[in-house]
Every structure is written in structure tokens, then in C-alpha cells.
Amino acid sequence: MKTVSCNLCGADLKSYYGKRPVAVPLVLGHEFLSIIVENPNGEEFTTDYNNQMIYKGDRVIFYIIHFCSTCYYCNNGLPQKCINQQKIGHSVFSVLPMGGLSSFNVFDKHIPIFRIPNKVSDFFAGTLTCSFTTAYTALSTLKLGFSREFVVVGSGLLAVFLCLILKEKKATTITVVINDIAKASVFSKAEVHEIILLEGALSRKTMKYDCLIDAAGDSTLIERAITDLTDFGEIVLLGSTHPVNDIKINPEMLVRKCISIHSVHNYTPKDLSEALSLMEKMYAKIAFVENYCADFQFSNVKEAFQYAKQFNPLRCKINFAM
Ligand SMILES: [Zn+2]
Ligand SMILES: [Zn+2]
């Protein structure tokens with residue numbers, strides 16, 4: 001598979017700048033699009049996860065976890081926690097380097113592959129293997145649906161996608177808490193109902209809402225949510241993928257208010273397939289997000305990492321020479 005483009009995700013930046021523990025040596029990059037250049041079986045075509053025919057030259061993405069299919073988690077439909085997993089862009093592969101910042105990758109036949117429709121851009125195809133599908137999966141955990149008041153915490157692409165999907169699902173209200181004022185414009189374009197700066201949210205005496213979705217790993221707001229939430233309130237945690245502060249929880253309050261806490265880390269191939277369908281359906285409404293992404297050639301990948309640190313765009317996208 002030849003890499004066409006790879007978005008630098010927040011996790012890549014944290015790994016690159018030493019803010020999260022990583023195994024080395026590894027090839028970073030897990031939001032990427034490839035084209036098929038060779039099939040070692042000599043066949044001209046094969047089929048993807050959704051049983052669509054795929055041919056040499058087709059644009060494809062992959063499920064980013066190599067899983068064993070035999071462990072307890074694999075047998076229970078949870079390959080994202082396979083005990084023998086190797087994760088593209090995160091793990092040290094024993095034979096070949098595997099990552100979106102490699103010009104080529106070799107994929108084993110049993111790794112789920114997804115053909116990308118023409119209308120989905122390289123940037124958006126990349127987001128399907130991390131941010132977009134994680135946002136979709138996080139919102140799939142909710143027990144009581146979308147006719148409620150939501151608070152989303154986060155200023156990054158994950159928070160943007162959470163708001164856009166909530167909007168698509170007709171959430172009653174969407175409030176976003178951001179720590180970077182420069183991000184206000186993308187959220188106002190996403191037509192959220194209210195944008196609050198983090199300091200503002202922390203200084204408010206009371207906030208009442210039904211669901212908190214944390215895409216930032218903000219321990220203070222997560223702790224506070226337990227007091228703020230209405231009865232049957234739900235908390236979805238997905239942002240704490242780096243070291244964060246502990247929180248204090250009062251079990252009596254959890255019980256009396258019947259609060260649920262869901263945690264999401266990665267997703268299944270089925271989640272990815274469903275997220276792709278949803279993306280196609282709402283594509284016209286989300287396409288503007290790509291304007292908040294900065295493009296670099298692969299030969300300038302170092303500059304891209306520096307630019308990402310200095311200017312914090314929603315994504316830097318690395319384009320490979322074809
Ligand atoms: Zn990521
Ligand atoms: Zn397994």
C-alpha cells in the first residue's frame with residue numbers, strides 16, 4: 001500500500017514532543033489514506049470489510065489494530081483491546097515498520113480494509129481511522145439518546161466532530177468548553193449553541209446539563225460534572241489518553257442521581273464502517289472543517305511538527321509525492 005497522505009493527530013504530537021510514553025523505534029501516523037499498489041497473491045482484486053470489490057489503485061484505509069482473532073477480547077467482538085495487538089503508528093512491529101508516515105505499508109490479509117468513496121477527501125478519509133470514528137463511537141455509548149443538553153469539553157478535531165455529530169443527531173443544546181480562543185471560529189461555524197472559555201466554565205457557580213463528553217482529559221470539569229449533571233446524567237470519557245490528574249467521586253451522589261460513566265478508547269471495525277456511512281451522509285455539512293487543516297509535503301515533515309506546536313491548527317496533513 002502506498003501512502004497518499006497522513007494527518008498528524010494530537011497523539012502523534014504528544015508522542016513526538018515526549019508528552020506520552022511510547023515504544024521506540026516506531027513509525028508515527030495513524031490517520032492516513034493509502035492506495036493499493038500490489039497484491040502479493042497476484043489477484044487483481046479483493047473485497048473490503050463491507051464486501052465491496054477493491055482493485056489496484058483504489059483509495060483505502062485500514063483498521064489500525066492488528067489483532068489475533070483468538071484471545072478473550074477478540075472472541076467477544078472487542079479487537080481494540082486484543083491482548084496480542086499491534087497498533088499502527090503506536091507499536092514497534094517486529095518485521096516491518098507500520099505507520100502513516102511511512103511511504104509504503106504492507107497489510108496482512110485479515111486486517112479489515114475499507115474502500116473510500118471518491119467524494120470523501122484524503123483528509124477526511126484519514127480522520128476515519130482516529131478522530132471521526134472515535135467521536136462516533138463515543139456518542140454510540142449514550143443510553144438515553146440525543147434529546148438532551150450536552151457539554152463537550154475540548155478544542156481539537158475530536159471535539160469538533162463530537163459537536164457536528166451531536167448537531168446531526170439533533171441534540172437539544174450543545175455547549176462547548178474550549179481552552180484556545182483561536183478555535184472559537186470553527187465551533188461557531190459548526191453552529192453549537194454556546195462556546196465558553198475554560199476559565200469561564202470553571203468560574204460559573206452552577207451549570208445544569210444532561211451529558212458531559214470530555215475530549216480533553218480535563219479532570220476538574222469531569223469532577224464537577226458529577227454535581228452539575230441532571231438525574232440519569234451521562235459522562236463519556238475519551239480525552240484522557242495522556243497522564244491526567246486524579247478526580248474525587250462521591251458514590252452516594254452517583255447512586256442517587258443514577259449517573260453513568262462511559263469510557264471509550266479506540267473502536268471496532270464495525271464502528272469504523274458505521275462511521276464511514278455517517279460521514280458520507282453528513283459530508284456536505286462537515287466539509288468546511290478541512291479549511292482548518294494545514295498542508296505539508298512529506299519532505300517537510302519536521303516543519304509540520306514545528307508548525308503544529310507553534311500554531312495548533314486542527315490538523316497538519318502530510319502529502320506524499322505520487
Ligand atoms: Zn489519533
Ligand atoms: Zn486478540
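Now for a quick tour of the structure.

Thresholds, definitions, all that
The residue numbers shown here count from 1 along each chain, following its written sequence. In the order they appear in the text, chains get letters beginning with A and ligands get numbers beginning with 1. This being a predicted model, a pLDDT of at least 70 is required before a residue's local features are given, and a value of 80 or more before pairs of side-chain atoms are given or counted; all residues contribute to the totals for chains, interfaces and linings. Numbering goes from the N terminus for both helices and strands, where a helix is a DSSP run of H or I of at least four residues and a strand is a run of E of at least two. Throughout, the radius of gyration refers to the C-alpha atoms, and the reference size of a globule is 2.2 Å times the residue count to the power 0.38. Exposure classes come from backbone-placed C-beta atoms, where a residue is buried if 20 or more other C-beta atoms lie within 10 Å of its own, exposed if 12 or fewer do, and partly exposed in between. Lines fitted to C-alpha atoms define the axes here, with helix axes fitted over just the stretch in contact, and angles between the N-to-C directions of these axes take values from 0 to 180 degrees. An angle below 35 degrees is read as roughly parallel, one above 145 as roughly antiparallel, one from 65 to 115 as roughly perpendicular, and any other as oblique. The crossing is said to be left-handed when, going from far helix to near helix, the turn is anticlockwise and less than a right angle, and right-handed when the turn is clockwise. Contact definition: two residues whose C-beta atoms, as placed from backbone geometry, lie within 7 Å.

### Considerations on the overall build of the protein chain
Right, so step 1: In terms of helices and strands, the protein chain carries 12 helices and 16 strands.
Right, so step 2: Relative to the compact-globule value of 20 Å for 322 residues, the protein chain shows a C-alpha radius of gyration of 20 Å, a close match.
Right, so step 3: Taking the principal axes of the C-alpha coordinates as reference, the protein chain spans close to 65 × 45 × 40 Å.
Right, so step 4: Residue burial in the protein chain is summarised as follows: out of 322 residues, 39% are buried.

### Quick notes on the packing of helix H4 (residues 131-140) against helix H5 (residues 157-168)
Right, so step 1: At a minimum axis distance of 9 Å, the contact between H4 and H5 shows a crossing angle of 50°. Put simply, H4 runs oblique to H5. The handedness of the crossing between H4 and H5 is right-handed. Across from Ser-131, Phe-132, Thr-134, Ala-135, Tyr-136, Ala-138 and Leu-139 in H4, the residues of H5 making contact are Leu-157, Leu-158, Phe-161, Leu-162, Ile-165 and Leu-166.

### Focus: unusual backbone geometry
Right, so step 1: Put simply, Val-24 and Pro-25 share a cis peptide bond, and its omega is -5°.
Right, so step 2: Position of Pro-25 relative to the elements: it lies in the loop between helix H1 (10-16) and strand S2 (31-35).
Right, so step 3: In this structure, Lys-170 takes a positive phi of about 65° despite not being glycine.
Right, so step 4: Structurally, the position occupied by Lys-170 is in the loop between H5 and strand S10 (173-178).
Right, so step 5: The class for Lys-170 is exposed, based on 9 C-beta atoms found within 10 Å.
Right, so step 6: Non-glycine residue Phe-232 carries a positive phi angle of around 60°.
Right, so step 7: One can find Phe-232 in strand S13 (residues 229-237).

### Overview of H4
Right, so step 1: With nine of its 10 residues buried, H4 lies for the most part within the structure.
Right, so step 2: Taken together, the buried positions of H4 are Ser-131, Phe-132, Thr-133, Thr-134, Ala-135, Tyr-136, Thr-137, Ala-138 and Leu-139.
Right, so step 3: Tucked inside the fold, the buried residues of H4 contact S2, helix H3 (122-127), H5, strand S12 (209-214), S13 and helix H10 (269-281).

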